[in-house]
Amino acid sequence: MARPNTGREQWSSKIGFILAAAGSAIGLGNIWKFPYIAGENGGASFIFVYLICIAVIGLPVLIAEILIGRSTQRNPVGAFRKLSGSKFWIGVGGMGVVSGFLILSFYAVIAGWAIGYIVEAVAGNFAHYDTGASAALHFQSLVTNIPWDVGYFTLFMIITMLFVFLGIRKGIERGSKIMMPILLVLLIVLMIRGITLDGSEKGIEFLLHPDWSKINAQAILIALGHAFFTLSLGMGAMLTYGSYMSKKDSIPSAALQIIILDTVIALIAGVAIFTSVFAVGLDPAAGPGLIFHTIPAVFAKMPGGYFFSILFFILLSIAALTSAISLLEVVVAYFVDELGWKRKKAVLILGFVVFLLGLPSALSFNVLSDFTLFGKNFFDLVDFFASNILLPLGGLLIAIFVGYVWGFSKVLASLREGAENLFDDYPYIISTWKFFLKYLSPVLIFIVLLRSLGILDLIF
Ligand code: PFF
């Protein structure tokens, strides 16, 4: 039964929250980043390490973030103001809002390309690719075309704004309930297409063959860093979504379901992509190259490729959209809660600000391509600063806040709401969470941060 909406909006059901949060988690990170880093860093061995990272850091920090949001029913800044009041912790919330602005500004550029590629797929423009190189050339001609590059970025921002504009239930929850099942079906269709191609087993081998010799400190840190990005942790997205959650629902069980969905989707994406890439005899490439060069060339060679290429880019656009919505919601929630803006006004103004901030990222592939700092263009700089520094720093501080600052008896009392059975029947699960959050997560996240800052390289 739908729950009444009194005062601040709330999700209409637990599943509404889970799908919206899983929508935030499942994004470009799952579809292009995870398959590649898994294949490169030891296949099944890497996946094993990654699963441990998700369990030891991902789950505890995810629970902590949702808990802060649900207890305070506020955006990141308001939440820390309510729980602590100290300028330092309010600043940590502020850092989350800034991260939301920054990540969305470059994320929407790649997402725009995904939409542009739906149009390319429909127009049949992949059919003439014979190698990854001709696909790369076509990609290059598109991203250096400013109206194409900026145009699709703008379109993607407008679509994202539309969902946030409509609010929690009518926009974000309804959108997630429609888009997440579509995403899952598309991915399963693509996986079945991949594994039924001749030679697909080489792709499975690439993704799943265990190679323990590749598991070194570097691979473990990559797994840890990715666990953070893929679960949307460290910047208050899950905190903000948690702030619309009912106190009747269990946070640990919701968090577990979000994590399972995110991980399963990443694995299916890996199987779908690599079975196809290897079956047609191409080499997997890294990052955006995998999606925008290799994959279109793969579809050019595959039976039914015209149809499957359209499905693939719809899938990619949906995955990016539900993540982008959560990024914009963090920023909007701050202006609505703290500054008293109306949601609609906040979406229009802040969406425009993100657009302005994203322009130099969009232009990094054409007019601004020569502008570099520390060897990175504007796009890479914003990505690096937000994803590799702000997210781990935010996650570290969130773990410390819940583990040490908030007051653990209050933390437990709040977590208990909606999860009484878990507390009564499985108290050791709660004590394990406490141990991970207080001791393991902060230490491991700190090491990830040192690596991002290059400090580990100086020591070793
Ligand atoms: N989790 C998203 C992905 O894997 O693509 C990225 C992301 C979304 C990060 C929202 C952070 C965030 F707040």
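**Examining the overall build of the chain**
Now for step 1: The helix and strand tally for the chain stands at 20 helices and 0 strands.
Now for step 2: At 21 Å, the chain has a C-alpha radius of gyration in line with the 23 Å of a compact globule built from 460 residues.
Now for step 3: Judged by the C-alpha coordinates and their principal axes, the chain covers about 60 × 50 × 50 Å.
Now for step 4: Restricting the contact set of the chain to residue pairs at least 6 apart, pairs at least 24 apart contribute 82%.
Now for step 5: Element-wise, carbon and sulfur atoms account for 69% of the exposed surface of the chain, whose accessible area totals about 17600 Å².

**Here we look at the packing of helix α5 (residues 87-122) against helix α6 (residues 132-143)**
Now for step 1: Taken N-terminus to C-terminus, the directions of α5 and α6 make an angle of 120°; their axes are 12 Å apart at the nearest point. Judged by the twist between their axes, the crossing of α5 over α6 is right-handed. Within the contact between the two elements, α5 uses Trp113, Tyr117 and Glu120 and α6 uses His138, Phe139, Leu142 and Val143.
Now for step 2: Looking at the contact of α5 with α6 residue by residue, the classes come out as 5 nonpolar, 1 polar and 1 charged.

**Remarks on helix α12 (residues 251-279)**
Now for step 1: Helix length check: α12 (29 residues) gives 42 Å between terminal C-alpha atoms against 42 Å at 1.5 Å per residue, within 8%.
Now for step 2: With 21 of 29 residues buried, α12 is to be regarded as a mostly interior element.
Now for step 3: You can read the cap of α12 off the contacts: a side-chain oxygen lies 3.3 Å from the backbone nitrogen of Ser253, and it is on Ser250.
Now for step 4: In the segment just after α12, Gly281 is the residue with positive phi, at about 80°.

**With respect to the packing of helix α8 (residues 168-195) against helix α14 (residues 305-339)**
Now for step 1: For the pair α8 and α14, the least separation of the axes is 9 Å and the interaxial angle reads 150°. Seen along the crossing, α8 lies across α14 with a hand that is left-handed. Facing Ile168, Ile172, Met179, Met180, Ile182, Leu183, Leu186, Leu187, Val189, Leu190 and Arg193 of α8, the residues of α14 in contact are Phe308, Leu311, Phe312, Ile314, Leu315, Ile318, Ala319, Leu321, Thr322, Ile325 and Glu329.

**A word on the pattern of salt bridges**
Now for step 1: Tallied over the full model, the rule gives 6 salt bridges.
Now for step 2: In this structure, the salt-bridge partner of Asp337 is Arg8, at a minimum N-O distance of 2.9 Å. Here Arg8 lies in the segment before α1 (14-25) and Asp337 lies in helix α14, a separation of 329 residues in the sequence.
Now for step 3: For Asp337, a relative accessible area of 27% corresponds to the partly exposed category.

**Details of the site of the ligand**
Now for step 1: In the neighbourhood of the ligand, 15 residues make up the surrounding shell, with Ala25, Gly29, Tyr107, Phe229 and Met235 lying closest.
Now for step 2: Here a nitrogen atom of the ligand and a backbone polar atom of Ser24 are 3.2 Å apart.
Now for step 3: Within the side chain of Ser232, one N or O atom sits 3.1 Å away from a nitrogen atom of the ligand.
Now for step 4: Contact with the protein chains hides 100% of the accessible area of the ligand, taken as 330 Å² for the molecule alone.
Now for step 5: The cavity that encloses the ligand is the largest cavity.
Now for step 6: Residues belonging to the shell around the ligand are distributed by class as follows: 7 nonpolar, 8 polar and no charged.

**A few points about empty space enclosed by the protein**
Now for step 1: Taken as a whole and judged by the stated rule, the model has 5 cavities of 30 Å³ or more.
Now for step 2: Here the largest cavity defines a volume of roughly 160 Å³.
Now for step 3: Considering the residues around the largest cavity, the lining is formed by 18 residues, among which Ser24, Tyr107, Phe229, Ser232 and Leu327 are closest to the centre.
Now for step 4: Contributions of two or more residues to the lining of the largest cavity are made by α1, α2 (28-40), α5, α10 (217-230) and α14.
Now for step 5: Its residues assigned to classes, the lining of the largest cavity shows 10 nonpolar, 8 polar and no charged.
Now for step 6: Of the pockets and cavities examined, the second largest cavity occupies roughly 80 Å³.
Now for step 7: Taken together, Leu190, Ala272, Ile273, Ser276, Ile295, Val298, Phe299, Met302 and Phe312 form the lining of the second largest cavity.
Now for step 8: Every element with two or more residues in the lining of the second largest cavity is listed here: α12 and α13 (287-301).
Now for step 9: Classifying every residue of the lining of the second largest cavity by side-chain character gives 8 nonpolar, 1 polar and no charged.

**What to know about the environment of Asn125**
Now for step 1: By secondary structure assignment, the location of Asn125 is in the loop between α5 and α6.
Now for step 2: Residues Asn125 and Pro296, spaced 171 residues apart in sequence, show a C-alpha to C-alpha distance of 9.1 Å.
Now for step 3: Not counting the four nearest positions on each side in its chain, Asn125 is found in contact with Glu120 and His138.
Now for step 4: Looking at Asn125, its side chain comes within polar contact range of the side chain of Glu120, at 2.8 Å.

**With respect to the packing of aromatic side chains**
Now for step 1: Scanning all chains against the criterion turns up 39 aromatic pairs.
Now for step 2: Arranged with centres 5.9 Å apart and planes meeting at 55°, the rings of Phe126 and Phe313 form a pair that is tilted. Separated by 187 residues along the polypeptide, Phe126 in the loop between α5 and α6 and Phe313 in helix α14 bring together distant segments of the chain. Taken individually, Phe126 and Phe313 each receive the classification buried, so the pair is uniform in this respect.
Now for step 3: In this structure, Lys345 is placed above the aromatic ring of Trp341, and the distance from its NZ or CZ to the ring centre is 4.6 Å.

**Let's talk about unusual backbone geometry**
Now for step 1: Positive phi outside glycine occurs at Gln73, with the angle close to 55°.
Now for step 2: With respect to the secondary-structure elements, Gln73 resides in the loop between α3 (44-72) and α4 (76-83).
Now for step 3: Since its relative accessible area comes to 17%, Gln73 is described here as buried.
Now for step 4: Positioned with a positive phi, Ser232 is a non-glycine residue whose angle comes to about 55°.
Now for step 5: By secondary structure assignment, the location of Ser232 is in the loop between α10 and α11 (237-242).

**Comments concerning the layout of surface pockets**
Now for step 1: Its boundaries defined by the atoms lining it, the largest pocket holds a volume of some 830 Å³.
Now for step 2: Looking at the lining of the largest pocket, the elements that each hand over two or more residues are α2, α5, α10, α13, α16 (378-405) and α19 (427-452).
Now for step 3: Per-class residue counts for the lining of the largest pocket are 17 nonpolar, 9 polar and 6 charged.
Now for step 4: Empty space within the second largest pocket amounts to approximately 260 Å³.

Calculation notes
- Residues numbered from 1 in each chain as written.
- Predicted model: local features only at pLDDT ≥ 70, side-chain atom pairs only at ≥ 80, totals over all residues.
- Heavy atoms only, no water.
- Helix = DSSP H or I, 4+ residues; strand = E, 2+ residues; numbered from the N terminus.
- Rg over C-alpha atoms; globule rule 2.2 N^0.38 Å.
- Contact = heavy atoms within 4.5 Å.
- Areas by Shrake-Rupley, 256 points an atom, 1.4 Å probe, with all protein chains shown as cover.
- Axes fitted to C-alpha atoms, helices over the stretch in contact; angles between N-to-C directions.
- Left-handed = near helix turned anticlockwise from the far one by under 90°.
- Nonpolar A, V, L, I, M, F, W, Y, C, P; charged D, E, K, R; others polar.
- Expected span 1.5 Å × (residues − 1).
- Buried < 20%, exposed > 50% of the residue type's maximum accessible area, 1.4 Å probe, protein only.
- Polar contact = N/O pair within 3.5 Å; in protein donor to acceptor, adjacent residues only side chain to side chain.
- Salt bridge = Lys/Arg side-chain N within 4 Å of Asp/Glu carboxyl O.
- Near = heavy atom within 4 Å.
- 1 Å grid on protein atoms, 1.4 Å probe; cavity = no way out; pocket = protein on both sides within 12 Å on 5 of 7 lines; lining within 4 Å.
- Sits in = over half its atoms within 2 Å of the grid points.
- Points joined across faces, edges and corners; volume = space filled by probe spheres on them.
- Phe/Tyr/Trp six-rings, centres within 6.5 Å; stacked < 30°, edge-to-face > 60°.
- Lys NZ or Arg CZ within 6 Å of the ring centre and 35° of its normal.

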